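For reference, the chains in residue letters:
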Amino acid sequence: MRRWMPRSAERPARRVGAALADVERWLLPAACLLCDAPVAAREDDTLVCGLCRSRWRAVPGPLCTRCGQPAFGDLECRICAGWPPGLARVRSAVWLSGGAQRTVHLLKYEGWWRVAEAMAAAMAGLEPLTGRVSLIPVPLGARRLRSRGYNQSERLAAALGSRHGLPVRTDLLVRGRETTTQTALTPDARRANVSGAFSARGAAAGRLVLVDDVFTTGATLLAAAAALGAAGAEQVDAVTFGRAVEPVG
Ligand SMILES: [Zn+2]
Ligand SMILES: [Zn+2]
């Protein structure tokens with residue numbers, strides 16, 4: 001709860017806040033991490049300039065209502081046709097290519113977790129982020145968390161939570177088993193690799209939205225959704241910044 005303060009006391013506090021923002025800005029690079037162009041003072045909180053962000057390519061509709069991949073007429077969706085139930089909808093903001101791919105790399109492997117704010121801005125219109133939902137970042141395994149120092153999905157969920165006024169729950173979903181890297185695996189092998197990797201701590205309720213940086217085959221999100229569903233979640237959706245599976249042609 002906010003305490004009442006006389007105006008004379010409030011003003012210096014605000015000045016301190018502004019000074020801290022200046023210091024923080026000074027600690028951040030003054031140039032866009034993608035193109036090196038100077039970033040205008042008004043774009044303060046983002047590390048990626050407006051022009052670079054405008055070059056991220058949005059995933060175009062119409063979309064498969066379930067997995068969020070662009071749909072082609074009545075053709076069966078080649079991404080989610082074999083999915084088990086439990087994950088209602090996935091939506092991604094942009095294709096994982098060019099500057100967007102580089103941005104994920106900055107977030108994940110180069111310690112620039114503040115780019116999560118620019119990524120969250122790109123995700124703002126995704127359908128699952130409407131209504132009363134709780135955001136659940138996909139947890140990292142303990143070993144990866146130690147080596148990275150933070151969970152990139154948690155940073156993304158925190159940025160989304162503050163933009164949309166949504167609660168972020170990091171206590172509910174646990175990644176028990178360390179999984180091997182998914183990069184070289186086929187969709188079926190990926191599903192086997194992560195199946196049972198997650199469990200819920202306590203009871204889940206209401207509508208939950210998983211948050212992850214990238215959607216590739218959905219294997220991780222399906223496994224996480226299964227754990228939340230088993231714990232009592234009413235509906236589990238997911239949002240990601242990037243989507244790796246671009247249709248050919
Ligand atoms: Zn730029
Ligand atoms: Zn689909």
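Here, every reference points to the structure presented above.
Residues numbered from 1 in each chain as written. Chains lettered and ligands numbered in written order. Predicted model: local features only at pLDDT ≥ 70, side-chain atom pairs only at ≥ 80, totals over all residues. Heavy atoms only, no water.

Which residues make up the coordination of the zinc ion (ligand 2), and what values go with them?
A metal bound by six donors in octahedral fashion has ideal angles of 90 or 180 degrees, whereas one bound by four tetrahedral donors has an ideal angle of 109.5 degrees. Note on the zinc ion (ligand 2): its protein donors are Cys64 (SG), Cys67 (SG), Cys77 (SG) and Cys80 (SG). The metal-donor distances range over 2.2 to 2.3 Å. For the zinc ion (ligand 2), the 4 donor atoms in the first shell make angles of 100 to 116 degrees at the metal, so the coordination geometry reads as tetrahedral. Within one chain, the residues serving as donors to the zinc ion (ligand 2) are arranged as C-x2-C-x9-C-x2-C. Here Cys77 lies in the loop between helix H2 (50-54) and strand E1 (89-95) and Cys67 lies in the loop between H2 and E1, a separation of 10 residues in the sequence. Each member of the pair, Cys67 together with Cys77, is buried. (Donors = N, O, S within 2.8 Å, 3.2 Å for Na, K, Ca; no water. Tetrahedral: all angles 85-135°; square planar, octahedral: opposite > 155°, others 65-115°. Helix = DSSP H or I, 4+ residues; strand = E, 2+ residues; numbered from the N terminus. Buried < 20%, exposed > 50% of the residue type's maximum accessible area, 1.4 Å probe, protein only.)

Tell me about the sheet that holds strand E6 (residues 235-243), and please be specific about residues and values.
Across the sheet, which stays open at both edges, the 4 strands sit in the order E1-E6-E5-E2 with parallel pairing between neighbours. Only two strands of the sheet have a single partner each, and these edge strands are E1 and strand E2 (133-137). Strand after strand, the sheet turns through a mean of 25 degrees between neighbouring axes, direction not considered. In the packing of helix H6 (residues 152-164) onto the sheet, the strands contacted are E2, strand E5 (207-215) and E6, and the crossing angle to E5 comes to about 125 degrees. (Pairing = 2+ DSSP bridges. Axes fitted to C-alpha atoms, helices over the stretch in contact; angles between N-to-C directions. Contact = heavy atoms within 4.5 Å.)

Tell me about the coordination of the zinc ion (ligand 1), residues and numbers included.
Those donors, Cys32 (SG), Cys35 (SG), Cys49 (SG) and Cys52 (SG), are the protein atoms that reach the zinc ion (ligand 1), and they lie 2.3 Å from it. Coordination at the zinc ion (ligand 1) is tetrahedral: its 4 donor atoms span angles of 105 to 115 degrees at the metal. Residue Cys35 is classed as partly exposed on the basis of its relative accessible area of 36%.

Just give me the short version of the pattern of salt bridges, but keep the residues and values in it.
Under the counting rule described, the total for this entry stands at 7 salt bridges. Here Arg102 and Glu110 are joined by a salt bridge, their closest N and O atoms 2.7 Å apart. Residue classification places Glu110 among the partly exposed positions, given a relative accessible area of 34%. A salt bridge links Arg207 to Asp237; its shortest N-O distance comes to 3.1 Å. Separated by 30 residues along the polypeptide, Arg207 in strand E5 and Asp237 in strand E6 bring together distant segments of the chain. Taken as a pair, Arg207 and Asp237 share a single burial class, namely buried. Several salt bridges share partner residues, and in doing so they unite Arg89, Arg207 and Asp237 into one network. (Salt bridge = Lys/Arg side-chain N within 4 Å of Asp/Glu carboxyl O.)

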